[in-house]
Structures are given as C-alpha cells and as structure tokens.
Amino acid sequence: MKADVYLQREVRIEKHLTLWAKEWTSVRAICFPYSLNTDKNRSSPTWFLSISLPRSHGKSFAHRSELKQAKRIVVKLGSAVVTRDECGLALGRLASIVEQVAMLQNQGREMMIVTSGAVAFGKQRLRHEILLSQSVRQALHSGQNRLKDMAIPVLEARACAAAGQSGLMALYEAMFTQYSTCTAQQILVTNLDFHDEQKRRNLNSTLHELLRMNIVPIINTNDAVVAPTVPNSDLQGVNVISVKDNDSLSARLAVEMKADLLIALSDVEGLYDSPPGTDNAKLIDIFYPGDQQSITYGTKSRVGLGGMEAKVKAALWALQGGTSVVIANGTHPKVTGHVITDIVEGKKVGTFFSEVKPAGPTVEQQAEMARHAGRTLAFLHPEQRGEIICCLAELLTEKKDEILSANRRDMELATASGHFSQALINRLSLSSAKLNSLAIGLRQLAVSSKDSVGRVLRRTRVANNLELEQITVPIGVLLVIFESRPDCLPQVSALAIASGNALLLKGGKEASNTNKILHQLTQEALSLHGVADAIQLVSTREEVEDLCRLDKLIDLIIPRGSSELVRHIQTAAKGIPVLGHSEGICHVYVDSEASIDKAISVVRDSKCDYPAACNAMETLLIHKDFLRTPMFDQIIDTLRAENVTIHAGPQFASYLTFSPSEVKSLRTEYGDLECCIEVVDSMQDAVDHIHKYGSAHTDVIITENEETAEQFLQQVDSACVFWNVSSRFYDGYRFGLGAEVGISTARIHARGPVGLEGLLTTKWVLRGDGHTVADFSEQGSMKYLHENIPIPQGSFN
C-alpha cells in the first residue's frame, strides 16, 4: 500500500504489535543488532516499527507545503554538485548531502540517489596513474619545472567511468556507514534496462526489494558501456524518455518507481526565465506545464551532459507521470547542508514544478504590483491620500453589518476548532464600538497625513548656487504579518496610504473571512485615485519563512501578534529589517509614597482592562515598606476580585509563610488574568529589576514624590515610561497618532507606537549648476559655505 509518511516508533514486539497493526494501515518491523542500540540497559534487540500512512500515487503534489508528505524520494546529484573543478569529487558537499539523505531515511522515508561523479573520479585516478607510470628517466630529464607541464593524454570518458565507479561507490558506502545507513552497491543502468520489458521488471523488483529492506539504492548510468550521446535525444514523444544522462535517468526512474518527489540538484538556484547572470533574470518559484515558451535557456554546464533545458524536459516528463519535482542548487556553501531537508519541509527553495496553477498572482507578482502602484500612491497630492483614508473610514461604518457578519463566521470556526486560546479569540473579535473607534482614528490620520511625504527636514546652501535638501520619502514595500487581530488591517493600510508605502498583508487563517472583506473595502477606497494594487493581501500558501526571504522585494517587515510570532520572524528574516517587539513584559512599580486610590486604579486597569494586550501589566513591583499594610491588602483584594491569578516572586515568597505559587521565570508574558508580584527595596532596585527582566516595552511608577518619579522616568530605558497612569495608554490612537502599524522596542529608527513618522525615511536632493568636486579642491575656485537655510513651516518638496 502506498504511503505518505513513516512515523518511526521504537516499541517492543509484544502484545502491542496487534494494537499497532489495527491502528495503522501497514506495519513493517525491522530488527537491528543490539550494537546499534543507544540504550545500554537493554539486553534484547531493538525492533523499529515503520508505520505508513496511505497515499495513492498517480498525481503530483499541487503545493510545496504538501512535500512534507513525500515518502519515496529520488535525489539526483548533477556533475557540478558531485565534482570539483571538473576533476575529483567535492567531498564536503557530498558529506552534507549524505547526512541529509540518511536523516530522511531514518525518519522512515524511502530514499534513492541518482549520482554522477564516476567519470570525474576516474579521470582523477587515471591522471594520477599516468603520472606515476612516467619513466624515472623521463621525469629526471624533464626537470622539476617541466614535470608540472607534462602533457596528459586526452582521457576517454568511458574508460574514466570504468576506473571511477568502484571508488565512488566505496566513498558513498563509507559516508553512509557513519549514520548506520546501508547502501546498495551501485546499480548501473542503460537505456536497454528500461526499454527491454524483462530487464525493466528485474530492475523494478531489485529496487523495491532494497527499499523494503531499508537500503538506499545508488543508481548511475553505465557510462563505461553506454553509447555516445545524441544531441536533443533525451525526450522522444510523450510516453517515452530516452536515458542519455542522469537528468533523464532520474525522471525515468522516479516514474518507474512511483516516487512522490524528485529533487534535482544542480549548480544554479533553480530555473530562471533567462540565463542566470543576465540582466533582469528572475528565479521562477513555481513552473507550470505550458510555460516553456516564456523561458530563454543559456548554455549547459561546463561539466555533465545535460543543460537546464534537458532538466526541464525531464522534470515535466516526471511531473506528467505523477512525481513532483524541485530543481535547486546543491553547490551553495551556505545552503548545501540543508537544501534537501528544506525542500522536503516545504520551504521555498529552488523551482517547484506543479500542474496546478493558482487563480491569482504569486506573492512575488503581488509584491511587484504593490511596488509599482505604491510609487504612484507616493506621488499623489497629500489631500488625495487623505481622501482615500477618509473613504476607507466611511466604508468601515457603511459596511459594518457585512464586516461583523464575516467576523462572526471566523469566531465560530475558531471556537469550534478548539485550537485557539481564549486570549487569541478575544483578539479576533470585532464590535461596532471597535469599528467606530477605527473610523475615528482613520479620519484623524487623514488630517495629519497632509504633513508627511515630501516634507523638507533640512535645507543647506553648500556653496553658491548649490543647495541641498533632506526630505521625507516612503520606505518602499512593507510586509505586515499579523495573527488574529483583523482590526489592524485597516489601521496598517491607512498608515501605508498616508506614508505612500506599498503594502503586503499576511493575516492568520483564523481571521480569513474578516480580512478578506476588510481588504476589499481598502482596495475600493484606493480605487478612488487608481492605486488599488498598492495594498495586497497574501492569500496563497506562503510560509512566513518564505516571505521573510524576499529581500529583493520587501523593504521592512512588521510583525503584529504573539511574542512567539515576532521572535520567529526576527529569526527567519534574512536581509530584511524587522520592526517590532518580541515580548510585552510590562511592570507597574508601587512606590512607598504611592496614593492607594491611584495605585488600585492603575493596577486594575493595567492588568484587567485587556489582559491579552502587549501593554498589559505582567509584573507588579511593590516597595518593601508598602508590604503588610492595609493598602497592600486592598491591591491584593482588587486583583482577586477580578479573578487574577497571582504568582510570587522569590523576594515576595520569602516574606510569606504561605505564599502563592512561586514564578518559574520573572521574564513571563502571561497575556491573561495572571501576574507576578515581587518586592523591591527601593526605586533603584525597581529600575534594576526592570532592566534585568523587562522587555523595554512599557513600565510605570506610582508615587506622589515628584523627584522619585522623575528619576524613574529618566533611568528606565523602555520605549514608554509612565507616571501615575495605566500601562494601557501605550497605543498609537491614544497618543494621537491616529493609528499604529505596530510597537517597536528597538533603539534605532522608530520606537514606541509606530505611526506615520515611523514609516518614512529620508533622501537627499542636491541642486546645482554644473558643479564638480574638483572646483572645491585646493587648486579650485570655489569654497564650501554650508549655510543652513530657514525652512518655512509646512514646506514640501
């Protein structure tokens, strides 16, 4: 029975075997000797059960994410991957590839390798033998310098293959042995092995038996006896493929063995629309049958028999036979060590061949469309951008019933799934009040947006008739990844419009219905001035990691969501700046001179108003003099009345005979009706605690002592520091920014609630009259002035 995934489980073959057999579709037991067992306490052999989930072969995977289900995988290693400088083997690359293949094999997948390299290995060996066979007299008479230049006869490829095959196989066997993985002696095939029915059945039977025994077959064309290749003869008709190189061999083998996936490793990143290295050559993420006409092929590799055109033809043939194909780079030193496992995990690596063409554009096309329309958006008059934002605000009110209906569907699905916490569901919820607040904030932003793009920040007269300006400009293309909170879509969209930035939005699937209608309304508003494409909603099956690799299309990533999401994006982003905060560990410090009424009010609001928010209090710091007073008891009673679970910090626990559960970590963001209480000796101790355990988000002091408050405000190095007010005031709308694209705890660019100003950068404009740098040299006739020119209020470029 065909299978998707092997779940490798170690069990004793006892009464459980019957239960496993009933639970899973097929069960396969393999016994390994005790010497392979890492558990030294066991006295009996270890049995591994490979449980396979059924997958009917016959249709290739439609999406990359489905590649995780691939059970039977063929890995084709091109000559450029296996060889080094056309002579000898690239041992480091081979070792990395072997490690990945062994890892996947040990997961329970069935791995096969189609390898080149015998000719290169044999060439190296024969050259060495020829040099050694030179007579001593010839070597002596030639002299040391001429010995290096000694002519080596042209080596015939078939002879090289014959000399290199045994050495290549011995190398593979030695490498796989390091991972307790068994390999089959190299299986050499020619065209006849596929076209002669008896030979084809024999080959098929041999390979299936090897896979059944958990052995990795290593296959190669028998270059020692194969006939010389005929140009352009690799594909002959629809149902016939001629084996003339390892590209065609791997495709033929994959279809013959009903493989789920063929990974063809080459020396290029994948398939480009024009030869790699030429101007405007673009890597094709997904290639569909029928797209061949849009490709311009270059010359083939310096090594090997096949070029990219042969690879594409072979890949399409395999795809038609039901095997998915990925062509990727197996030579890049930074990715070779995980290229195969990345492909199997569904990551965006190389070119994926698919028969299912999506209805909409790819995310790369969406980014290009957004950038193009975004440039038009940036050149609109400020009043026009304001009109778009006001139109969106009106649509939020007019279409309120449709929005809330879509949101209810999302809420029902999220609740029914049972996969989401109550805090996440609370963030998902929209209401009439929320939509009204959004509309008010957007109108406020529309007014302030008139003083954004193109504002002159500095004007300098560098010299006579040479003036310099620094002006504000959009950043470019923003990627905002958000989970659960659909209300951030119109907020972020309005800020992008106001700042003239293009925008890609990637929302969580739990809010898909709400996000869809909000995006439609946003594009309706943008259509007012013909820039609907400036804001795109990514609805394809794009993984966050893949989006974070689009450094040539995206200029800034802004994550909105849990600390886990933000940290994940900060780790995954490659070459793209990330604006955000990983955690919201906010503190409220109650000083010894605090007002009890203010303390109770601020603490309750900071923790209980919206505990899922990143600006909610997570740790309450109490001055030791405030402890064991009626005022402290009132605070505790207030929190308990609000059903807040209290955890004790180490210092607080030491004061109590019977204390609440002690915290596991003082760096915890609860995101719920929970908090930690800790005792400090002074205001300075509170500051030190915040710097050690906080996340530089929002921290509050409650005190009536102005001098103490000012010291706290100056010393605490957080994005927001408050005195006698709730931490929940940390918000772009409440700060008068109209909306916020996110919150940043970084110390460069934007910090705190990021509004319009945080989405702008600057550029310098120099206006002269034929000036040259030589004019200002020692022999030149001009001198620098560097005089600042006053900027009139509201001045725009």
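Values in this document were obtained by computation on a predicted structure and should not be read as measured data.

Novice: Break down the packing of aromatic side chains for me, with residues and values.
Specialist: Counting across every chain of the model gives six aromatic pairs. On the basis of an interplanar angle of 75° and a centroid distance of 6.0 Å, the ring pair of Phe632 and Phe652 is categorised as edge-to-face. Pair noted here: Phe632 is in helix 22 (residues 630-641) and Phe652 is in helix 23 (residues 650-654), with a separation of 20 residues, a long-range link. As far as burial versus exposure is concerned, Phe632 and Phe652 are alike and both buried. Measuring from ring centre to ring centre gives 6.4 Å for Phe722 and Phe735, while their planes differ by 65°; the resulting arrangement is edge-to-face. Here Phe722, found in strand 23 (residues 720-723), pairs with Phe735, found in the loop between strand 23 and strand 24 (742-744); they are 13 residues apart in sequence, far enough to count as distant. Relative accessible area serves as the criterion here: at 10%, Phe722 is assigned to the buried category. With relative accessibility at 39%, the residue Phe735 sits in the partly exposed group. Aromatic rings pair up to connect Phe722, Tyr730 and Phe735 into one cluster.

Novice: Report on the sheet that holds strand 21 (residues 674-680), specifying residues and quantitative values.
Specialist: In space, the six strands of this open sheet follow the order 20-21-19-18-22-23, with parallel pairing throughout. Bordering the open sheet on either side are strand 20 (645-648) and strand 23, each of which pairs with just one other strand. Between one strand axis and the next, the sheet turns by 20° as a mean value, whatever way the strands run. Where strand 20 lies against strand 21, four bridges are found, and the strand directions are parallel.

Novice: Would you mind going over helix 12 (residues 363-379) in detail, with residue names and values included?
Specialist: Every α-helix carries 3.6 residues per turn, so stepping three or four residues along brings you back to the same face. Taking 1.5 Å as the rise per residue, helix 12 with 17 residues should run 24 Å; its terminal C-alpha atoms sit 24 Å apart, in good agreement. Taken together, the buried positions of helix 12 are occupied by Val363, Glu364, Gln366, Ala367, Ala370, Arg371, Ala373, Gly374, Leu377 and Ala378.

Novice: Summarise the nonpolar core; cite the residues concerned and give the values.
Specialist: The nonpolar side chains of a soluble globular protein tend to be buried, and buried together. Ile388, Ile389, Ile403, Val480, Leu503, Leu505 and Val741 are the most contacted members of the largest nonpolar core, which totals 50 residues. With eight residues, helix 17 (residues 488-499) is the largest single contributor of residues to this core.

Novice: Explain the state of the cysteines to me, and be specific about the residues and the numbers.
Specialist: The tally for this structure, following the rule as stated, stands at zero disulfides. Looking at Cys390, it has no disulfide partner, and the nearest cysteine sulfur is the one in Cys391, 8.9 Å off. No disulfide involves Cys676; its sulfur sits 7.3 Å from the nearest other cysteine sulfur, which is in Cys675.

Definitions and cut-offs
- Residues numbered from 1 in each chain as written.
- Predicted model: local features only at pLDDT ≥ 70, side-chain atom pairs only at ≥ 80, totals over all residues.
- Heavy atoms only, no water.
- Phe/Tyr/Trp six-rings, centres within 6.5 Å; stacked < 30°, edge-to-face > 60°.
- Helix = DSSP H or I, 4+ residues; strand = E, 2+ residues; numbered from the N terminus.
- Buried < 20%, exposed > 50% of the residue type's maximum accessible area, 1.4 Å probe, protein only.
- Pairing = 2+ DSSP bridges.
- Axes fitted to C-alpha atoms, helices over the stretch in contact; angles between N-to-C directions.
- Expected span 1.5 Å × (residues − 1).
- Core = buried A, V, L, I, M, F, W, Y, C linked by side-chain atoms within 4.5 Å.
- Disulfide = S-S within 2.5 Å.

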